Amino acid sequence: MPPPVKAVQIPKKDGRGVRTLGVPTVADRVAQTVVKMYLEPEVEPVFHPDSYGYRPGRSALDAVEVCRKRCWRNDWLIDLDLQSFFDSIDHERMLKAVAAHTDQRWVLLYVERWLQAPLDEGNGTLVARDRGTPQGSAISPVLANIYLHYAFDAWMAREFPAIQFERYADDAVVHCKGERQARFVLGEIKARLADCRLELNDDKTRVVYCKDSNRKGSHEHQRFDFLGYTFRPRRARNGRGERFTSFTPAISDDAAKAIRRTIRRWRLHLWSGTSLTEIAREINPLVRGWVNYYGRFYPTRLAESLRRIDEYLVRWAMRKYKRLKGRRKRAWKFLANVFAREPGLFAHWRVLRADDRTVGAV
């Protein structure tokens, strides 16, 4: 019998409210991993090809790439966001869905017990659960995909086989040819999810017009966020050097702000007792992660935030070397010379170099 799951609250990425994670015991985590390893090979061949979340061989960037191409081919889309999905999963329907993929009673027994294990809020209070699966457990992602496969993916493939979508966990984008079609499909999706005891977040769900140079007119919503990227009309250049407007993704405002907050929190200008090599060794692992994820599409937008690192390095140089004290232009030139000698020293310089702007420019 699994003990209560420890409840840990973390702030949401958008800063609005908190998200409750469920932290199981080590023994439960091991047992859940065993069940996950058993269930995953059974359900993977059944899952929809446009389901990307928490699946082997698939990533969020794959979903963003496919979404970008489909936005170019379709004028309209539905930006879907489920309201408190992980807290709303119906236990009875969840167990029925799992039972469709295994006849092992021990798997069903343990899944039922994990779903019903109470939350320990840390003050001696235990909260019973009659629905939902806590985020943070090893089994939760595969259970979520099983539930949404039947609630959304398979239903879409059956009812609207010509309409394409990308789903990553509880975030989904549905592509449509026209606004009228988009609003009709949205109404049908809303009714379907209600039948499955799920609800859309009306504040975040919207019909979006994929405005570009070839699409006339305008609409209330011409942008949306998906997996840390903001899709919207942006200036671009074709192979002939001609400028045009493309509906394309770049790092979202929230993600860019989070990066700048982290850079500011480092206070690199005060690391005067540390060498540039040591600074690079300390910050490169995290910066490389930013570059690999947010630098895949429209890296110019990411470069705007990563230049803050160079600004702090210039202040670092002015504090560390007496000859540069109070001489900002010389400090920028110093940093440019370091870049010329060792362009791979800092991970973010790869993006700045690709942005065609000289590192260390005033």
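Above this text you will find the structure in question.
Predicted model, so just to flag it, every value in this text is computed and none were measured. (Residues numbered from 1 in each chain as written. Predicted model: local features only at pLDDT ≥ 70, side-chain atom pairs only at ≥ 80, totals over all residues. Heavy atoms only, no water.)

Kindly report on the nonpolar core, identifying the contributing residues and their values.
Generally speaking, soluble globular proteins have nonpolar side chains that are buried together. Formed by 58 residues in total, the largest nonpolar core has its most connected members in Phe 224, Phe 231, Ile 309 and Phe 346. With ten residues, helix 10 (residues 299–320) is the largest single contributor of residues to this core. Those residues within four positions of Phe 346 in sequence are excluded, and the remaining contacts are Leu 276, Ile 279, Ala 280, Ile 283, Asn 284 and Leu 313. Among the nonpolar cores identified, the runner-up in size contains 46 residues, and Phe 47, Phe 86, Ala 144 and Ile 146 belong to it. (Core = buried A, V, L, I, M, F, W, Y, C linked by side-chain atoms within 4.5 Å. Buried < 20%, exposed > 50% of the residue type's maximum accessible area, 1.4 Å probe, protein only. Helix = DSSP H or I, 4+ residues; strand = E, 2+ residues; numbered from the N terminus. Contact = heavy atoms within 4.5 Å.)

Which residues make up the sheet that holds strand 8 (residues 206–209), and what are the values?
Strand order in the open sheet formed by four strands is 6-7-3-8, and the pairing between neighbours is antiparallel. Either end of the sheet is taken by a strand with one partner, and the two such strands are strand 6 (165–168) and strand 8. Ignoring which end each strand starts from, the neighbouring axes of this sheet average 20° apart. Taken together, the six bridges between strand 3 (residues 76–81) and strand 7 (residues 171–176) define a ladder with antiparallel strand orientation. When the bridges of strand 7 are listed, Asp 79 appears paired with Val 173. Each of strand 3, strand 6 and strand 7 is contacted by helix 2 (residues 60–73), which is oriented at about 160° to strand 6, the strand it contacts most. With respect to the sheet, helix 7 (residues 179–195) is in contact with strand 3, strand 7 and strand 8, its orientation differing from that of strand 3 by roughly 25°. (Pairing = 2+ DSSP bridges. Axes fitted to C-alpha atoms, helices over the stretch in contact; angles between N-to-C directions.)

Describe the layout of surface pockets, naming the residues involved and giving the relevant values.
Taken as a whole, the second largest pocket holds about 320 Å³ of empty space. Contributing to the lining of the second largest pocket are Arg 68, Arg 235, Ala 236, Arg 237, Arg 243, Phe 244, Ser 246, Thr 248, Pro 249, Phe 297, Tyr 298 and Thr 300. In terms of residues, the lining of the second largest pocket owes the most to one element, strand 11 (residues 243–251), which gives five residues. (1 Å grid on protein atoms, 1.4 Å probe; cavity = no way out; pocket = protein on both sides within 12 Å on 5 of 7 lines; lining within 4 Å. Points joined across faces, edges and corners; volume = space filled by probe spheres on them.)

So, the pairing of strand 11: which residues are in play, and what are the values?
Of the pairings in the sheet, the one linking strand 10 (residues 229–237) to strand 11 comprises nine bridges and is antiparallel in character. Within strand 11, the residue paired with Thr 230 across the bridge is Ala 250. Remark: five residues form the turn of the hairpin made by strand 10 and strand 11, two consecutive strands paired antiparallel; Gly 241 in that turn has positive phi of roughly 85°.

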